[in-house]
Amino acid sequence: MASFLVTTVSCSNENLEDTPPEVSEPNPEPNPIPEPEPTPAPVYTVDNITDTYFGVAGEENASQWGPYNVHDPSVIKVGETYYCYNTDVSFGSDVRPGIQIRKSQDLINWEFLGWAFNGLPAKGSSYIQSQGAEPFNSLWAPYVMQVGDEFRLYYSLSSSVGRLSAIGLATSSSPEGPWVEKDLVVTSAADGAVQTNAIDPSVVVTPNGEHWFYYGSAYDGIYKLRLDPATGLAMVNGDKGVRIAQRGFTNGTVNGNIEAPEVIYNETQGMYYMFIAYDWLETKYNVRVGRSADPEGPFLDINGLDINTEADNAPMILAPYRFNDHSGWQGVSHPGVFMDGNGQYYMAHQGRPGENLFFMVLHVRKIHWTENGWPIVSPERYANVIQTDISESDIVGSYEQIEFGYRVVPGYANEQTLPDFQYSVNLELMADGTINAEAVNTWTYEAPWLTISLNNGETSYKLYVERGRDWENRVDSTILFSGLDETGTAIWGKKVD
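It should be emphasised that the depicted structure is a prediction, and the values quoted were computed from it without experimental measurement. (Residues numbered from 1 in each chain as written. Predicted model: local features only at pLDDT ≥ 70, side-chain atom pairs only at ≥ 80, totals over all residues. Heavy atoms only, no water.)

Some words on the overall build of the chain
Here's step 1: Within the chain, the regular secondary structure consists of two helices and 33 strands.
Here's step 2: Its C-alpha radius of gyration of 25 Å places the chain within 12% of the 23 Å reference for a compact globule of 497 residues.
Here's step 3: Seen through its principal axes, the chain has C-alpha atoms that stretch 105 × 55 × 45 Å.
Here's step 4: Among the 497 residues that make up the chain, the fraction classed as buried is 57%.
Here's step 5: Sequence separation of 24 or more characterises 55% of the internal contacts of the chain that already satisfy a separation of 6 or more.
Here's step 6: Surface summary for the chain: the accessible area is close to 21,400 Å², and the carbon and sulfur share equals 48%.
Here's step 7: In the chain, 28 positive and 65 negative side-chain charges are present, and the distance between their average locations comes to 5 Å. (Helix = DSSP H or I, 4+ residues; strand = E, 2+ residues; numbered from the N terminus. Rg over C-alpha atoms; globule rule 2.2 N^0.38 Å. Buried < 20%, exposed > 50% of the residue type's maximum accessible area, 1.4 Å probe, protein only. Contact = heavy atoms within 4.5 Å. Areas by Shrake-Rupley, 256 points an atom, 1.4 Å probe, with all protein chains shown as cover. Lys, Arg positive; Asp, Glu negative; His and termini not counted. Charge placed at Lys NZ, Arg CZ, Asp CG, Glu CD.)

This is the structure we're talking about:
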């Protein structure tokens, strides 16, 4: 993701002549050509956010980006305002480096504010140059947090040399900056040592005030290390941490990438949750989850397997999907998990439309929790739909359902060229409690849980029911459901009739 910084210089030249005293008025200067007014930022609503955005894609239209050109988002709420920080990207054009910043009051209309840095941070650049290489001219995968009155912004800087990367820290007294670079948190190098790539940071704060740092992409998986809460830097200078998560292998080839850990502590559940991105970011990108009672792990998947073993883990709560009459969404990972301050968790991530995988649109989804404490996400993007009571009679009707299967394609970009969309199928919940008029398949409802029972009870699962927008059909409010089966397979649905 190479990019460049464009600087413009404006010059003017005035020729002033002395005016003789007897001339009462000098010759007037010609009227100056007025500067063009900047195009005002549009107000984005659920009705005008589109899957593609050719007209505003380039950097010259940055003020109009809103939810567009977003990749690897990290979101924080400050007061009544949400702030989003993300990788330096732009569809179809180079873009200046510096970490993009947006803000929103409602998680729908995002205002582009600019960049956190005016170019590449000096310490990250110097580290890569000290290793005999040049850094990419873009910053990746930020992570933002607030500690007291201080805002901390972690950034990732990499290079064309495999695993030559750095994660640095900048601080500010305001979420809008200015940001001052402090130091490097962790680095990696192409030196033959066993280590992961130093990008994709995340931090969790324990109830007793410990700060734990997680990072990594490919190579040796996901690492953890402890931070000094006072500085936001490594507790032990030079500590690279130890591995805490990795991928499975097929015939000696890794099943795909593992990166972008996002760790939260859910006080209600009393557990730490690690959301992880699997696979190639343009296509099969999907979200897995492990949890632990301890920030140091081990993090276990839904089947009780340590995610630090050579296996792929469940649940997979989000993956490329395609409802009827839509091109679908691929590349739907690198999760940024945050809370609204009132107990509601959300997950932000990019979505790449099936019609053109190079567009990157910010998606925000509600997170709900199953009865046994696993996160699930809404089938549709957040649209601030009013939540009114849903009765059993409301449930009856026609749905589009998606069951998230998964096909292993070992390798990376060259191998994972297809998104492996999970397609919707038609589902009918009948008034007599059967499914598709088949007596062996039944449903029951006790708000907010819809229970599906298949093959006379051989398989059953509970699905969280809510109201949400049908983005594909542009319907303001419909009924949605999401949940997991016993093995961690995610199941989605939306009512269409």
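This is not the end of the story, as more comes after the structure.
A look at the pattern of salt bridges
Here's step 1: Throughout the structure, instances matching the rule amount to 17 salt bridges.
Here's step 2: Among the ionic pairs, Arg152 bridges to Glu150, the shortest N-O distance being 2.8 Å.
Here's step 3: Given the relative accessible area of 28%, Glu150 is considered partly exposed.
Here's step 4: With its nearest N and O atoms 3.1 Å apart, the salt bridge here joins Arg247 to Asp279. Taken together, the positions of Arg247 in the loop between strand S12 (242–245) and strand S13 (249–250) and Asp279 in the loop between strand S16 (271–278) and strand S17 (286–292) put the pair 32 residues apart, joining distant regions of the chain. Here the two residues Arg247 and Asp279 agree in accessibility, since each one is buried.
Here's step 5: Residues joined by salt bridges that share partners form a network here, namely Glu380, Asp470, Glu472 and Lys494. (Salt bridge = Lys/Arg side-chain N within 4 Å of Asp/Glu carboxyl O.)

Examining the confidence of the model for the chain
Here's step 1: Across the chain, pLDDT averages 92, with 92% of residues at or above 70.
Here's step 2: Predicted confidence is poor over residues 1–30, with pLDDT under 50, and the contacts of this stretch with residues over four places away or in other chains come to 23 contacts. (pLDDT = per-residue confidence, 0-100.)

Things to note about the environment of Ser63
Here's step 1: Here Ser63 is to be found in the segment before strand S1 (74–78).
Here's step 2: In sequence terms Ser63 and Glu111 are 48 residues apart; their C-alpha atoms lie 7.6 Å from each other.

Focus: the pairing of S1
Here's step 1: Where S1 meets strand S2 (residues 81–86), five bridges bridge the pair, whose relative direction is antiparallel. Pairing of Ser74 across the sheet is with Tyr85, part of S2.
Here's step 2: Here S1 folds back onto S2, and the loop between the two strands holds two residues, one of which, Gly79, carries a positive phi near 65 degrees. (Pairing = 2+ DSSP bridges.)

Focus on the nonpolar core
Here's step 1: Core analysis: the biggest nonpolar cluster contains 57 residues, and Tyr53 and Phe275 have the highest contact counts within it.
Here's step 2: In terms of residues, this core owes the most to one element, strand S23 (residues 361–369), which gives five residues.
Here's step 3: Counting 22 residues, the second largest nonpolar core, distinct from the first, contains Tyr83, Ile99, Leu184 and Ala189. (Core = buried A, V, L, I, M, F, W, Y, C linked by side-chain atoms within 4.5 Å.)

Remarks on the sheet that holds strand S8 (residues 180–188)
Here's step 1: Strand order in the open sheet formed by four strands is S5-S6-S7-S8, with antiparallel pairing between adjacent strands. The open sheet has two free edges, formed respectively by strand S5 (140–147) and S8, since each of these has just one partner strand. When the angles between neighbouring strand axes are averaged without regard to direction, this sheet yields 20 degrees.
Here's step 2: As paired elements, strand S6 (residues 150–157) and strand S7 (residues 165–172) share seven bridges and run antiparallel to each other. (Axes fitted to C-alpha atoms, helices over the stretch in contact; angles between N-to-C directions.)

Some points on the side chain of Glu262
Here's step 1: By the element assignment, Glu262 lies in strand S15 (residues 258–266).
Here's step 2: Put simply, Glu262 is tucked away with no salt bridge, and the nearest opposite charge, on Arg365, sits 15 Å away.
Here's step 3: When sequence neighbours within four positions are dropped, the list of residues in contact with Glu262 reads Tyr143, Ser202, Tyr273, Met274, Phe275, Pro335, Gly336 and Val337.

So, unusual backbone geometry
Here's step 1: In this structure, the amide linkage connecting Ala314 to the following residue, Pro315, adopts the cis form with an omega of 10 degrees.
Here's step 2: Its place among the elements puts Pro315 in the loop between S17 and strand S18 (316–318).
Here's step 3: Following Ala447, the chain continues into Pro448 via a peptide bond in cis, with omega recorded as 5 degrees.
Here's step 4: For Pro448, the position within the fold is in the loop between strand S29 (438–446) and strand S30 (449–454).
Here's step 5: One non-glycine residue, Ala141, lies in the positive phi region at around 40 degrees.
Here's step 6: With respect to the helices and strands, the residue Ala141 is situated in strand S5.
Here's step 7: Residue classification places Ala141 among the buried residues on the basis of a relative accessible area of 1%.
Here's step 8: Within the chain, Ala218 stands out as a residue other than glycine whose phi angle is a positive 60 degrees.
Here's step 9: Given the relative accessible area of 14%, Ala218 is considered buried.

What about the pairing of S6?
Here's step 1: The element S6 is extensively covered by neighbouring structure, given that seven of its eight residues are classed as buried.
Here's step 2: Relative to S6, S5 is paired through six bridges, and the arrangement is antiparallel. Across the sheet, the residue bridging to Gln146 is Phe151, located in S6.
Here's step 3: Adjacent in sequence and paired antiparallel, S5 and S6 are bridged by two residues, among which Gly148 carries a positive phi angle near 60 degrees.

Brief notes about the packing of aromatic side chains
Where two aromatic rings form a pair, the distance of their centres and the angle of their planes describe that pair.
Here's step 1: Within this structure, the stated rule accounts for 29 aromatic pairs.
Here's step 2: Arranged with centres 5.6 Å apart and planes meeting at 40 degrees, the rings of Tyr399 and Phe481 form a pair that is tilted. Taken as a pair, Tyr399 in strand S25 (residues 397–403) and Phe481 in strand S32 (residues 475–484) lie far apart in primary sequence, 82 residues in all. In this pair, the class of Tyr399 matches that of Phe481, namely buried.
Here's step 3: A ring pair is formed by Trp449 and Tyr464, whose centres lie 5.5 Å apart and whose planes are at 80 degrees; its orientation type is edge-to-face. On the criterion of sequence distance, the pair formed by Trp449 in strand S30 and Tyr464 in strand S31 (residues 459–470) is long-range, its members being 15 residues apart. (Phe/Tyr/Trp six-rings, centres within 6.5 Å; stacked < 30°, edge-to-face > 60°.)

Concerning the side chain of Ser333
Here's step 1: The topology assignment puts Ser333 in the loop between strand S20 (329–330) and strand S21 (336–339).
Here's step 2: What makes Ser333 buried here is its relative accessible area of 0%.
Here's step 3: A distance of 2.9 Å separates the side chain of Ser333 from the backbone oxygen of Asn286, its partner in a polar contact. (Polar contact = N/O pair within 3.5 Å; in protein donor to acceptor, adjacent residues only side chain to side chain.)

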